[in-house]
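Structural characterization, general
Chain by chain, the residues run as shown.
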Amino acid sequence: MPSRRAFLATLAASASGARLGWAAAGAPAYLAAARLADGSFDLVGLRGSGEAAFRVPLPARGHAGAGHPIRAEAVVFGRRPGHYALVVDCALGAVTAELAPPEGSVFNGHGSFLDGGRLLVTTEQRTADSAGRLGIWDASDGYARLGEVDSGGLGPHEARVMPDGVTIAVANGGINTEDGREMLNIATMEPNLTYLTLAGGVEEQVELPQLRQNSIRHLAFAAGGVTAFAMQWVGEGAEAPPLLGLHRRGAAPVLCAAPGAEQYALQNYTGTVGVSGNGREVAISSTPGGVLHRYGLDGTFLGSVARARLMGVAPLGEGFLTTDEQGGILAIEGDNARPLARHDEIWDNHLITL
């Protein structure tokens, strides 16, 4: 396999300055990073039918990414601790740039566009102490770095711009990992959900003092101003705490758990969280548990779907689209999983909705 440096140089040389819309890339509804059986990697654009709209080879593994709201362009992040992010022209099939975090920092796997696509924010942490930062990049000018703001906690994993287009919700995982993945502060973790703006800083924070070993990882937005946050429990394995929270600004969070054995089936892990196409349900998936749980916006457990190695969750129709580690694309309608397509790719955890 060619080096990432050589790969980028070759593709960047072939890319033109044209900035085309998503129709030029086959009008995908979702993006997903994946690995192939030969060990290579790609970024795939998926339609709601499960068909592939495009494939772009990647020189290294992608974890998640952000799709530009106008241009057929995505920024793909490596698995944390990340030392690169790739800017991909999805219409031309080219990796056109590579972003690097500041010295002494790493990317944490996620990012989000705001201000109509003019800015990109990236989750980052300092390697010395895992203090969280949101990097700010000028997406209108070759992704020049403009600066950074405090994320409001340790180890931010996902940050997403809220529907108002200004406020950023941040999942601060609360874990000190320094420049690796080993958790160094399990006994003293302080995860939080932070709401902030680039201009005004932190506006509100939600903490879970009774569940401080529940690391907040991923976010989604539902109807009625609900922020859904998915968690991963890193405390005692015999416990099975809630792994989904629902929050409305200014109110206490609602913590959601399934009854009995259903909650244990998650194996204290969620890989992602998504909202149904009608905006009235939230789903979390567990890859090791092989289950997807559905909840109403009041926190009521609605049901589950069992499927080996479930991965991404995204809206489709009235329900959900999901992927599995065997290359499957499925429609979730109530407690039923309907296969849509199967690909050669082994999907990573996240579906990015365009």
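Whatever comes next refers back to the structure up there.
All values derive from a computational prediction rather than experimental measurement. Per chain, residues are indexed from 1 in the order of the written sequence. Confidence filtering applies because this is a predicted model: local features only for residues at pLDDT of at least 70, side-chain atom pairs given and counted only at 80 or more, and all residues used for totals across whole chains, interfaces and linings. Calculated side-chain values reflect all of the structure's heavy atoms, with hydrogen atoms and water omitted.

1. Details of the pairing of strand β8 (residues 105–114)
The side chains of a regular strand alternate between both faces of the sheet. Relative accessible area decides the class of each residue, using a 1.4 Å probe on protein chains only: under 20% of the type maximum gives buried, over 50% gives exposed, and in between gives partly exposed. Note on conventions: DSSP H or I runs of at least 4 residues are helices, E runs of at least 2 residues are strands, and numbering of each starts at the N terminus. A large share of β8 lies buried, amounting to 10 of its 10 residues. Where β8 meets strand β9 (residues 119–126), seven bridges bridge the pair, whose relative direction is antiparallel. Paired with Ser105 across the two strands is Arg126, which belongs to β9. Whether two strands pair depends on DSSP finding at least two bridges between them.

2. Regarding the layout of surface pockets
Of the pockets and cavities examined, the largest pocket occupies roughly 800 Å³. Within this scheme a cavity is a closed region of a 1 Å grid, computed over the protein atoms alone, that accommodates a 1.4 Å probe without allowing it to escape, whereas a pocket is open but has protein on both sides within 12 Å along at least five of seven lines; lining residues each have an atom within 4 Å of a point. Ser112, Arg160, Ile352, Thr353 and Leu354 are the residues nearest the centre of the largest pocket, which is lined by 37 residues in total. Residue classes in the lining of the largest pocket are distributed as 19 nonpolar, 15 polar and three charged. Grid points are joined across faces, edges and corners, and a volume is the space filled by probe spheres set on the points. In this structure, the second largest pocket spans a volume of roughly 660 Å³. Residue lining of the second largest pocket: 35 residues in total, with His63, Arg79, Arg181, Tyr269 and Asn349 positioned closest to the centre. Broken down by element, the residue count for the lining of the second largest pocket peaks at three residues, all from strand β1 (residues 30–35). Any residue that is not Ala, Val, Leu, Ile, Met, Phe, Trp, Tyr, Cys, Pro, Asp, Glu, Lys or Arg is counted as polar, Gly included; the first ten are nonpolar and the last four charged. Residue composition of the lining of the second largest pocket, by class: 12 nonpolar, 14 polar and nine charged.

3. Brief notes about the environment of Val291
Inspection of the secondary structure assignment puts Val291 in strand β22 (residues 291–296). Judged by its relative accessible area of 8%, Val291 falls in the buried class. Each C-alpha atom of the pair Val291 and Leu310 lies 6.6 Å from the other, and the pair is 19 residues apart in sequence. What makes two residues a contact is simply this: any of their non-hydrogen atoms within 4.5 Å. With near-sequence residues (within four places) excluded, Val291 lies in contact with Ala265, Leu266, Ile284, Ser285, Ser286, Val305, Ala306, Arg307 and Leu310.

4. Overview of the environment of Ala283
Mapped onto the fold, Ala283 is located in strand β21 (residues 281–286). Ala283 sits 21 residues away from Ser304 along the chain, and the two C-alpha atoms are 9.0 Å apart.

5. Some thoughts on the pattern of salt bridges
Only one rule defines a salt bridge in this text: a Lys or Arg side-chain nitrogen within 4 Å of an Asp or Glu carboxyl oxygen. Evaluated as defined, the whole model comprises 17 salt bridges. Across the pair Arg61 and Asp348 runs a salt bridge, and its minimum N-O distance is 2.9 Å. One end of the pair, Arg61, is in the loop between β3 (52–58) and β4 (64–67); the other, Asp348, is in the loop between β28 (346–347) and β29 (352–353), and 287 residues separate them in sequence. Judged by relative accessible area, which is 8%, Asp348 ranks as buried. Residue Glu204 is joined to Arg249 by a salt bridge in which the shortest nitrogen-to-oxygen separation is 2.6 Å. Of this pair, Glu204 sits in strand β15 (residues 201–207) while Arg249 is found in the loop between β18 (244–248) and β19 (254–256), placing the two residues 45 residues apart along the sequence. Looking at Glu204, the relative accessible area reads 17%, which means it is buried. Under the relative-accessibility criterion, Arg249 is labelled partly exposed at 36%.

6. With respect to the sheet that holds strand β26 (residues 328–333)
Pairing within the open sheet is antiparallel, and its four strands lie in the order β24-β25-β26-β27. Sheet topology places β24 (310–316) and β27 (336–342) at the edges, where each strand pairs with a single neighbour. With direction set aside, neighbouring strand axes in the sheet form an average angle of 25°. As defined by bridge partners, β24 adjoins strand β25 (residues 319–324) across five bridges and the pair is classed as antiparallel. Its bridge partner lying in β25, Leu316 is registered against Gly319. A fitted line through C-alpha atoms serves as each axis, taken over the contacting stretch for helices, and the angle formed by two N-to-C directions is quoted from 0 to 180°.

7. Looking at the sheet that holds strand β16 (residues 214–222)
The strand order across the open sheet built from four strands is β16-β17-β18-β19, with neighbouring strands paired in antiparallel fashion. Of all strands in the sheet, those bounded by a partner on one side alone are β16 and β19. Taken over all neighbouring pairs, the strand axes of this sheet differ in orientation by 25° on average, direction set aside. Two strands pair when backbone bridges link them, and β16 and strand β17 (residues 226–233) are joined in this way by eight bridges, in the antiparallel orientation. Paired with Ala220 across the strands is Ala228, a residue of β17.

8. Concerning the packing of aromatic side chains
Aromatic ring pairs are described here by two measures, namely the spacing of the ring centres and the angle between the planes. Any two of the Phe, Tyr and Trp rings considered here, Trp counted by its six-membered ring, make a pair once their centres fall within 6.5 Å; the pair's planes then place it as stacked at under 30 degrees, edge-to-face at over 60, or tilted in between. Counted under the stated rule, the structure contains three aromatic pairs. The interplanar angle of 75° and the centroid separation of 5.9 Å between the aromatic rings of Phe77 and Phe107 together place this pair among those described as edge-to-face. Taken together, the residues Phe77 in strand β5 (residues 73–77) and Phe107 in strand β8 connect sequence positions 30 residues apart. Given a relative accessible area of 0%, Phe77 falls into the buried group. Judged by relative accessible area, Phe107 falls into the buried class, the value being 1%. Centroid distance Tyr295 to Phe301: 5.5 Å. Interplanar angle 65°. Geometry classified as edge-to-face. Linked through ring pairs, Phe77, Phe107 and Trp137 together constitute an aromatic cluster.

In short, shape yes, function no, at least from these values alone.
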